Amino acid sequence: MRQSKADRSSLPYHSDIEKTKWLAEQQIESSKTGFNFKPPRIVLISSNIKRRDHLLNAVKKEDNIISIPYDFNHSTFSGLIAEINTQLERYRPGCKARSVLLFCQGGPGYLYLLKNKVLTREKLARLDNKDMATFWKELGCMISKIEPKESIVHIMGCFFLGSKQGQFVMQDMQDLMHPNVALFDAPVEASVEGRQMIETYFDYKDYKAWKFQYQPRLTSYQLLRESFHWGEEDMLVAGQGTSMDKPSASGYNKSQQRKSIHSMGSTVSELKSSPRLRRQNTLPSYSES
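This write-up is about the structure you can find in this document. From a predicted model like this one, the values you see are computed outputs, not experimental measurements.

**Observations concerning the overall build of the protein**
Here is step 1 of the chain: Counting its secondary structure elements, the protein contains eleven helices and eight strands.
Here is step 2 of the chain: By the burial criterion, 46% of the 289 residues in the protein qualify as buried.
Here is step 3 of the chain: Considering only contacts in the protein between residues 6 or more positions apart, those separated by 24 or more positions represent 73%.
Here is step 4 of the chain: Accessible area of the protein: about 15400 Å², with a carbon and sulfur share of 50%.

**Brief notes about the packing of aromatic side chains**
Here is step 1 of the chain: Within this structure, the stated rule accounts for ten aromatic pairs.
Here is step 2 of the chain: Between Phe37 and Tyr91 the ring centres are 6.1 Å apart and the planes differ by 55°, which places this aromatic pair in the tilted class. You can see Phe37 sitting in the loop between helix H1 (16-33) and strand S1 (41-46) and its partner Tyr91 sitting in helix H3 (residues 77-91), a full 54 residues away along the chain.
Here is step 3 of the chain: Among the residues examined, Phe37 registers a relative accessible area of 9% and is labelled buried.
Here is step 4 of the chain: Judged by centre distance (5.2 Å) and plane angle (45°), the rings of Phe77 and Phe135 are tilted. Residue Phe77 is found in helix H3, and its partner Phe135 is found in helix H5 (residues 130-141); the two are separated by 58 residues along the sequence.
Here is step 5 of the chain: Phe135 sits in the buried class, given a relative accessible area of 2%.
Here is step 6 of the chain: Linked through ring pairs, Phe77, Phe135, Trp136 and Phe184 together constitute an aromatic cluster.

**Concerning the nonpolar core**
Here is step 1 of the chain: Of all hydrophobic cores here, the largest spans 42 residues; its most connected members are Leu113, Trp136, Phe160 and Met173.
Here is step 2 of the chain: When contributions to this core are tallied by element, the ones reaching two or more residues are S1, strand S2 (65-70), H3, strand S3 (99-103), strand S5 (110-114), H5, strand S7 (152-156) and helix H6 (164-177).
Here is step 3 of the chain: If sequence neighbours within four positions are ignored, Leu113 has contacts with Tyr70, Phe72, Phe77, Leu102, Cys104, Leu119 and Trp136.
Here is step 4 of the chain: Core analysis: the next-biggest nonpolar cluster, separate from the first, contains 16 residues, Leu55, Leu101, Met197 and Tyr207 among them.

**Some points on H1**
Here is step 1 of the chain: In a regular helix each residue adds 1.5 Å, so 18 residues correspond to 26 Å; H1 covers 26 Å between its end C-alpha atoms and thus fits that length.
Here is step 2 of the chain: The set of residues buried in H1 consists of Glu18, Trp22, Gln26, Glu29, Ser30 and Thr33. Taken around the axis of H1, the buried residues stretch over an arc of 115°, which confines them to a single face. In H1, those exposed residues whose orientation departs by more than 90 degrees from the buried face are Asp16, Ile17, Thr20, Lys21, Ser31 and Lys32.
Here is step 3 of the chain: At the exit of H1 stands Gly34, carrying a positive phi of roughly 100°.

**Focus: the environment of Leu176**
Here is step 1 of the chain: Within the element layout of this structure, Leu176 appears in helix H6.
Here is step 2 of the chain: In this structure, the C-alpha to C-alpha distance between Leu176 and Gly140, residues 36 residues apart in sequence, is 8.2 Å.
Here is step 3 of the chain: Not counting chain neighbours up to four residues away, the residues in contact with Leu176 comprise Leu124, Ala133, Trp136 and Lys137.

About the thresholds
- Residues numbered from 1 in each chain as written.
- Predicted model: local features only at pLDDT ≥ 70, side-chain atom pairs only at ≥ 80, totals over all residues.
- Heavy atoms only, no water.
- Helix = DSSP H or I, 4+ residues; strand = E, 2+ residues; numbered from the N terminus.
- Buried < 20%, exposed > 50% of the residue type's maximum accessible area, 1.4 Å probe, protein only.
- Contact = heavy atoms within 4.5 Å.
- Areas by Shrake-Rupley, 256 points an atom, 1.4 Å probe, with all protein chains shown as cover.
- Phe/Tyr/Trp six-rings, centres within 6.5 Å; stacked < 30°, edge-to-face > 60°.
- Core = buried A, V, L, I, M, F, W, Y, C linked by side-chain atoms within 4.5 Å.
- Expected span 1.5 Å × (residues − 1).
- Arc of directions from axis to C-beta.

Put into structure tokens, the structure is as follows:
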């Protein structure tokens, strides 16, 4: 399971020596940048995000937020690391990132960071994807130790934690960063944590305006999952049958999905008042074309 923000002392170290080394590196970083220095935040946005120029305009206009748009089709993992390092050195020599936002396409348990480089748990472990594993290790070295509670890698642009596999992949990425300690998080945007994440990097109104105009319209099922944190058990109790995250063993085809979506759309008003909802909120308006 992914870890929440916590006091750094509660995070695991493999040994006392490892912890001592981490604290020493924290002091070295502080001495290089100054003890009152606030490290910058990095925002990486893939070119396969619709209307990326509009999304970039929604990034907060603050000196301590560095936007790095990258080419999904031609960028490499080593190239991304080099660009992050260049931007950090330009901001202040020797500084590291307070936090990193990865904005890319993906889905439950997988990320499309680069073309032909889909990130899954299985591919992270494969020897022929060494560059992918190296990316996370080197990114861990670029996360600041000055404010440990802020040492976070955020993921946006997809419903990454839409399955348990996403939690496993997050833990694997966190392990790859070891002995550097950084948390991963991808909260649902409709949650309190999600709004805090958005407001960390974006002007909230500008971001919502971009999302309303350019993000693909969600199905009723996805609206429920994103707005109310519904899990597999909740959907089954609601009488909707098999999850549509993936086909069932019996072969859940597109025709069945459309029927379920139509059925879900007709039950949205009933579900609004359901005592099983975990958050009291208003469902976004939805009409099936």
